[in-house]
Amino acid sequence: MSGLQKLWLAAVLGALIGLLGGLIGLGGAEFRLPILVAVFSLPTLEAIILNKAMSLVVVITSIFSRGFSVPMESLLPHWLIVVNLLIGSVVGAWYAAGYVMKLAPAMLNRVVFGLLIALALIMFWEHLVGFGETGTPLFQQAWLQALVGILAGLVVGIVAAVLGVAGGELLIPIIVILWGIDIKTAGSLSLLVSLPTMLVGFFRYRQAQAFDALRRERDLLIWMSVGSIAGALVGGLMLGLVPAQWLGLFLAVLLLISAWKVFKH
């Protein structure tokens, strides 16, 4: 494959992932990771770092694009939710990134494989069972709700650091179930949690030798990021044209298959 063919393939695959993710409100980073490893032959740690860089670009774009439908003023009353989750997520992202850098490649593959399978199962659950009714917090005791929020944020930070994802697949159901927030507002709040969490993990990865992959694979990063953003924007505009439930189930199956084929070793 020539250099130009590689870049076009990166843009097309990025756009396709962004389109499918945009149709159900996800960034698609969990699907980019197996592609970076299987199609572009990147070592897993380098793929995670590149995936995190792309996810940062997609998240920043999503924050601005969602501002038209969910104004920032409407999110201000919920700022404590963001802080609550961030307390756990930034800690989880910092320590998980440090742990990943010390793992042997074979063990890292096993960890990534397990987390991708877990995310696929969560997607199955979300689209088969749903989030339940909104409007009522899960706990009435403020201290218990805050404690569970910190622990949930910790898990999100770990997953975001290990896979290089924004974590919306976890954050949105957590916010809906734990605080009873409607799913549209929860989607925007999840982005506000994701951005600082990913920045912390990204900064931590600067100590890894694999961080040099950002410079070496700069063209791949740019072309796939542009494709991902374009696809996500088109997917967002097409929202509602494709039944989200069936598309979500299809993507969950696709994630299971790709995780198995790429990381089963």
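Further up the page is the structure itself.
What the protein contains, in helices and strands, is twelve helices and zero strands. Computed over its C-alpha atoms, the radius of gyration of the protein comes to 17 Å, within 12% of the 18 Å expected for a compact globule of 265 residues. Looking at the protein residue by residue over its 265 residues, the buried ones come to 52%. Taking the intrachain contacts of the protein between residues at least 6 apart in sequence as the baseline, contacts between residues at least 24 apart amount to 86%.

Moving on: a nonpolar patch on the surface. Taken together, Val 91, Tyr 95, Trp 143, Leu 147, Leu 151, Leu 154 and Ile 158 make up a surface patch of nonpolar side chains, about 700 Å² in accessible area. Those elements that provide at least two residues to the nonpolar patch are α5 (79-102) and α7 (142-163). Here the nonpolar patch takes five residues from α7, the largest share from any one element. Structurally, Val 91 can be placed in helix α5.

Core analysis: the largest hydrophobic core is formed by 80 residues, its most contacted members being Leu 36, Phe 40, Leu 85, Val 112 and Leu 163. With sequence-adjacent residues up to four places away left out, Val 112 is seen in contact with Leu 33, Thr 44, Ile 48, Val 162, Leu 163 and Phe 263.

When two helices pack together, you describe them by how their axes are tilted relative to each other and by the distance separating the axes. Contact geometry of α5 with helix α8 (residues 168-179) gives a least axis separation of 12 Å together with a crossing angle of 120°. The pairing of α5 with α8 is recorded here as oblique in orientation. Both α5 and α8 take part in a crossing whose hand is right-handed. Side by side, α5 and α8 meet where Ile 81, Asn 84 and Leu 85 of the first sit next to Leu 171, Ile 174, Ile 175 and Trp 179 of the second. Looking at the contact of α5 with α8, its residues break down into six nonpolar, one polar and no charged.

Rules behind the numbers
Residues numbered from 1 in each chain as written. Predicted model: local features only at pLDDT ≥ 70, side-chain atom pairs only at ≥ 80, totals over all residues. Heavy atoms only, no water. Helix = DSSP H or I, 4+ residues; strand = E, 2+ residues; numbered from the N terminus. Rg over C-alpha atoms; globule rule 2.2 N^0.38 Å. Buried < 20%, exposed > 50% of the residue type's maximum accessible area, 1.4 Å probe, protein only. Contact = heavy atoms within 4.5 Å. Patch = residues over 30% accessible without salt bridge, like charges linked within 9 Å, V, L, I, M, F, W, Y side chains within 5 Å. Areas by Shrake-Rupley, 256 points an atom, 1.4 Å probe, with all protein chains shown as cover. Salt bridge = Lys/Arg side-chain N within 4 Å of Asp/Glu carboxyl O. Core = buried A, V, L, I, M, F, W, Y, C linked by side-chain atoms within 4.5 Å. Axes fitted to C-alpha atoms, helices over the stretch in contact; angles between N-to-C directions. Parallel < 35°, antiparallel > 145°, perpendicular 65-115°, else oblique. Left-handed = near helix turned anticlockwise from the far one by under 90°. Nonpolar A, V, L, I, M, F, W, Y, C, P; charged D, E, K, R; others polar.

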